[in-house]
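Residues per chain, in single letters:
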Amino acid sequence: MSDSAPPEIETTLTPPTDIANSNLQVRLKSEGENLLLILPTEVEASTTATTWSDLWQQLKQRLNGGDRFWQANTIVHLMATDRLLDTRQLQAIADALAEAQLQLTHVFTSRRQTAVAAATAGYSVEQQAPVTGINQTLNAPATPLAEPLYLQMTVRSGIEIRHAGSVIVLGDLNPGGTVVANGDILVWGRLRGVAHAGAAGNSKCLIMALQMEPTQLRIAEFVARAPTNIPSQFYPEVAYVTPEGIRIAKAADFSKSQFSLPS
């Protein structure tokens, strides 16, 4: 009579809000109204020789499992950590999620290549610095900026790019698009969205664009909104902080001595 009990008990132990178990490393977890898709780190994967094929199979098992605790059209944030993903792999993940009535919108990663691939594919991206130096003392020098993030794309409406260093966009920043950087922001095109440089508090950072038509500019805690009068002619311009707040100057007139130099 007791032979059938163990299988029945095991099928009821998986909690509805986090279906991770010791046999699979890819995790799906509820966070508010969104769903987190968490990939194992490269270090974790190296201990079990987890390849992309392994991750793909694990993801399919998660999505096709019996415990679908999410609602249709739930937003998914991909926590890629330090996994290196290209556009093909990101598209495969997005397609698999779509088949399960889930929508991938954000990618969080510490890999610059993955951030570029995700941004190019049209996802909101936050490139996070690797988890090192968290226990730095309060009087230690400011955390060094991450390597610059270069994006050859148009940042469209609804896309948000976050990076722990400087961001260089070889294209336009459209209205409704957002770029947030701990360093400088350079838009080699039209800046018509929201740009926030020095997001970690460095007011010496700059925002530069070939054509400056911002919805909003922010440098550290300083904020400037779009001018009411649209100029008849545009020039490359630089936004910087003065004692009176954010000011914009023609790049040709901007003194090189005003650029913030690395310490």
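What you see is a predicted model, and the numbers here were worked out from it, not measured in a lab. (Residues numbered from 1 in each chain as written. Predicted model: local features only at pLDDT ≥ 70, side-chain atom pairs only at ≥ 80, totals over all residues. Heavy atoms only, no water.)

A. Looking closely at the environment of Glu42. Topologically, Glu42 is positioned in helix α2 (residues 42-48). For Glu42, a relative accessible area of 30% translates into the label partly exposed. The spacing of Glu42 and Arg83 is 41 residues in sequence and 5.9 Å in space, taken between C-alpha atoms. Sequence-distant contacts of Glu42, defined by excluding residues within four places in its chain, comprise Asp82, Arg83, Leu84 and Arg111. (Helix = DSSP H or I, 4+ residues; strand = E, 2+ residues; numbered from the N terminus. Buried < 20%, exposed > 50% of the residue type's maximum accessible area, 1.4 Å probe, protein only. Contact = heavy atoms within 4.5 Å.)

B. Molecular detail of the sheet that holds strand β9 (residues 178-181). Strand order in this open sheet of 10 strands is β1-β2-β3-β4-β5-β7-β9-β11-β13-β14, and the pairing throughout is mixed. On the outer flanks of this sheet lie β1 (27-31) and β14 (222-225), each paired with one strand and no other. With strand direction ignored, the average angle separating the axes of adjacent strands in the sheet is 15°. The sheet contact formed by β9 and strand β11 (residues 194-197) spans 3 bridges and is parallel. For Thr178, the partnering residue across the bridge sits in β11 and is Val194. Its contacts with the sheet put helix α5 (residues 112-120) on β4 (102-109), β5 (124-127) and β7 (160-163), and the angle it makes with β5 is roughly 170°. (Pairing = 2+ DSSP bridges. Axes fitted to C-alpha atoms, helices over the stretch in contact; angles between N-to-C directions.)

C. Inspection of the pattern of salt bridges at higher detail. Within the structure shown, the criterion is met by 4 salt bridges. Residues Glu99 and Lys60 are paired through a salt bridge, measuring 3.4 Å at the closest nitrogen-oxygen approach. Taken together, the residues span a long stretch of sequence, with Glu99 in helix α4 (residues 87-99) and Lys60 in helix α3 (residues 52-64) at a distance of 39 residues. With a shortest N-O distance of 2.4 Å, Glu160 and Arg162 are connected by a salt bridge. (Salt bridge = Lys/Arg side-chain N within 4 Å of Asp/Glu carboxyl O.)

D. Representation of the environment of Thr41 within the structure. Considering the arrangement of structural elements, one finds Thr41 in the loop between β2 (34-38) and α2. Residue Thr41 is classed as partly exposed on the basis of its relative accessible area of 23%. Linking Thr41 and Met79, residues 38 residues apart in sequence, is a C-alpha distance of 9.7 Å. Beyond its immediate sequence surroundings of up to four residues, Thr41 is in contact with Thr81, Asp82 and Arg83.

E. View of the packing of aromatic side chains. Taken as a whole and assessed by the stated rule, the structure comprises 1 aromatic pair. Seen from the ring of Tyr235, Lys250 lies directly overhead, with NZ or CZ sitting 4.1 Å from the centre. (Phe/Tyr/Trp six-rings, centres within 6.5 Å; stacked < 30°, edge-to-face > 60°. Lys NZ or Arg CZ within 6 Å of the ring centre and 35° of its normal.)

F. Region of the structure containing α4. With 13 residues, α4 should cover 18 Å at 1.5 Å per step; its first-to-last C-alpha distance of 18 Å lies within 8% of that length. Inspection of α4 places Gln89, Leu90, Ile93, Ala94, Ala96 and Leu97 among the buried residues, and these make up the whole buried set. For α4, the arc enclosing every buried residue in end-on projection is 160°, short of the 170-degree limit, so these residues lie on one face. Of the exposed residues in α4, the ones pointing more than 90 degrees away from its buried face are Arg88 and Glu99. Considering only its buried residues, α4 is in contact with β2, α3, β3 (74-81), β4 and α5. At the N-terminal end of α4, a side-chain oxygen is found 3.1 Å from the backbone nitrogen of Arg88, two or three residues along, and the residue is Asp86. At the C-terminal side of α4, Gln101 shows a positive phi close to 65°. (Expected span 1.5 Å × (residues − 1). Arc of directions from axis to C-beta. Polar contact = N/O pair within 3.5 Å; in protein donor to acceptor, adjacent residues only side chain to side chain.)

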